Amino acid sequence: MIQETARSAPQLDDSTRNFSVLLSSTPRGARLARLLATEQLRTWGLPLHPADLVVAEFAANAATHGRVPGRDFRLTLYVVGDALRIEVTDTRGDRLPQLGAAGPDAESGRGLLLVETLAYRWGTTDGPYPRKTIWAEIALPPAPKPARVCSGAVRGLSQETSE
């Protein structure tokens, strides 16, 4: 049995909340991308949905359409302001994703329509040849406000009185 391992150790910088890992361009690598992303989002205390679906779609596309034997794909997650940015880079810059390329009865090809619905923006960026990066940004919920700490006596309650 072949065991799937990441090609490089995941990198995490708590101050910028940045995560990047290189994975094999296989169905197993795509599943691992989703699992690692989910665990990283948990570590950061961020919601898993809809980021998990976007990572799954991008990683599956990298393993299916962006696959070049012997070449890996990179998953990168980072927080930019109030958004989570998801990037997947593969080595098939000649094969750009197409929104809505599948017909209504097709069994596949609708994943980017899902990304279009879940992300507030997405696109592709050319990398050094032969790479391309597909990315999406998902709005994060506002951070909870810290609880107010009250010092001194609480109104309506009296301190011990001596009689």
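Residues numbered from 1 in each chain as written. Predicted model: local features only at pLDDT ≥ 70, side-chain atom pairs only at ≥ 80, totals over all residues. Heavy atoms only, no water.

Caption draft 1: Geometry of the confidence of the model for the protein. Put simply, the protein has an average pLDDT of 83, and 75% of its residues get 70 or more. Counting interchain partners and residues more than four positions distant, the pLDDT-below-50 stretch residues 1–14 has 27 contacts. (pLDDT = per-residue confidence, 0-100. Contact = heavy atoms within 4.5 Å.)

Caption draft 2: The arrangement of the packing of helix H2 (residues 51–64) against helix H3 (residues 111–118) in detail. Where H2 contacts H3, the axes come no closer than 10 Å and their chain directions differ by 150°. Two packed elements cross with a definite hand, and for H2 against H3 that hand is left-handed. Between H2 and H3, the contacting residues are Leu53, Val54, Glu57, Phe58 and Asn61 on the first element and Gly111, Leu112, Leu114, Val115 and Leu118 on the second. Partitioning the contact of H2 with H3 into residue classes produces seven nonpolar, two polar and one charged. (Axes fitted to C-alpha atoms, helices over the stretch in contact; angles between N-to-C directions. Helix = DSSP H or I, 4+ residues; strand = E, 2+ residues; numbered from the N terminus. Left-handed = near helix turned anticlockwise from the far one by under 90°. Nonpolar A, V, L, I, M, F, W, Y, C, P; charged D, E, K, R; others polar.)

Caption draft 3: Seen up close, the environment of valine 115. By the element assignment, valine 115 lies in helix H3. Overall, valine 115 belongs to the buried group, its relative accessible area being 0%. Sequence separation of valine 115 and valine 55 is 60 residues, and the distance between their C-alpha atoms is 9.4 Å. (Buried < 20%, exposed > 50% of the residue type's maximum accessible area, 1.4 Å probe, protein only.)

Caption draft 4: Region of interest: the pairing of strand S5 (residues 121–126). Here S5 runs beside strand S6 (residues 132–139); their pairing, made up of six bridges, is antiparallel. Its bridge partner being in S6, glycine 123 is matched across the sheet by tryptophan 135. Linkage of S5 to S6, two consecutive antiparallel strands, is achieved through a turn of five residues. (Pairing = 2+ DSSP bridges.)

Caption draft 5: Layout of the nonpolar core. Counting 30 residues, the largest nonpolar core has Trp44, Phe58, Leu75, Leu77, Leu84 and Ile86 as its most contacted members. For this core, the secondary-structure elements that each account for two or more residues are strand S2 (18–24), helix H1 (27–44), H2, strand S3 (72–80), strand S4 (83–90), H3 and S6. Residue contributions to this core peak at seven residues, all from H2. (Core = buried A, V, L, I, M, F, W, Y, C linked by side-chain atoms within 4.5 Å.)

Caption draft 6: Here's a closer look at H1. Here H1 is 18 residues long and its end C-alpha atoms lie 26 Å apart, about the 26 Å a rise of 1.5 Å per residue gives. Of all the residues in H1, the buried ones are Gly29, Ala30, Ala33, Ala37, Thr38, Gln40, Leu41 and Trp44. At the C-terminal side of H1, glycine 45 shows a positive phi close to 75°. (Expected span 1.5 Å × (residues − 1).)

Caption draft 7: Quick peek at the pattern of salt bridges. Using the criterion set out here, one finds six salt bridges in the structure. Notably, a salt bridge pairs glutamate 39 with arginine 42, separated by 3.7 Å at the nearest N-O pair. Of this pair, glutamate 39 and arginine 42 both sit in helix H1, separated by three residues, roughly a single helical turn. The exposure class of glutamate 39 is partly exposed, given its relative accessible area of 44%. In this structure, arginine 85 and glutamate 87 form a salt bridge, with 2.7 Å as the shortest nitrogen-oxygen distance. Residue arginine 85 shares its accessibility class with glutamate 87, and that shared class is buried. Linked through salt bridges whose partners overlap, the residues forming this network are Arg85, Glu87, Arg121 and Glu137. (Salt bridge = Lys/Arg side-chain N within 4 Å of Asp/Glu carboxyl O.)

Caption draft 8: Main features of H2. Under the 1.5 Å per step criterion, the end-to-end length of H2 is 20 Å for 14 residues, consistent within 8% with the ideal 20 Å. Of the positions making up H2, those classed as buried are Ala51, Val54, Val55, Glu57, Phe58, Ala59, Ala62 and Ala63.

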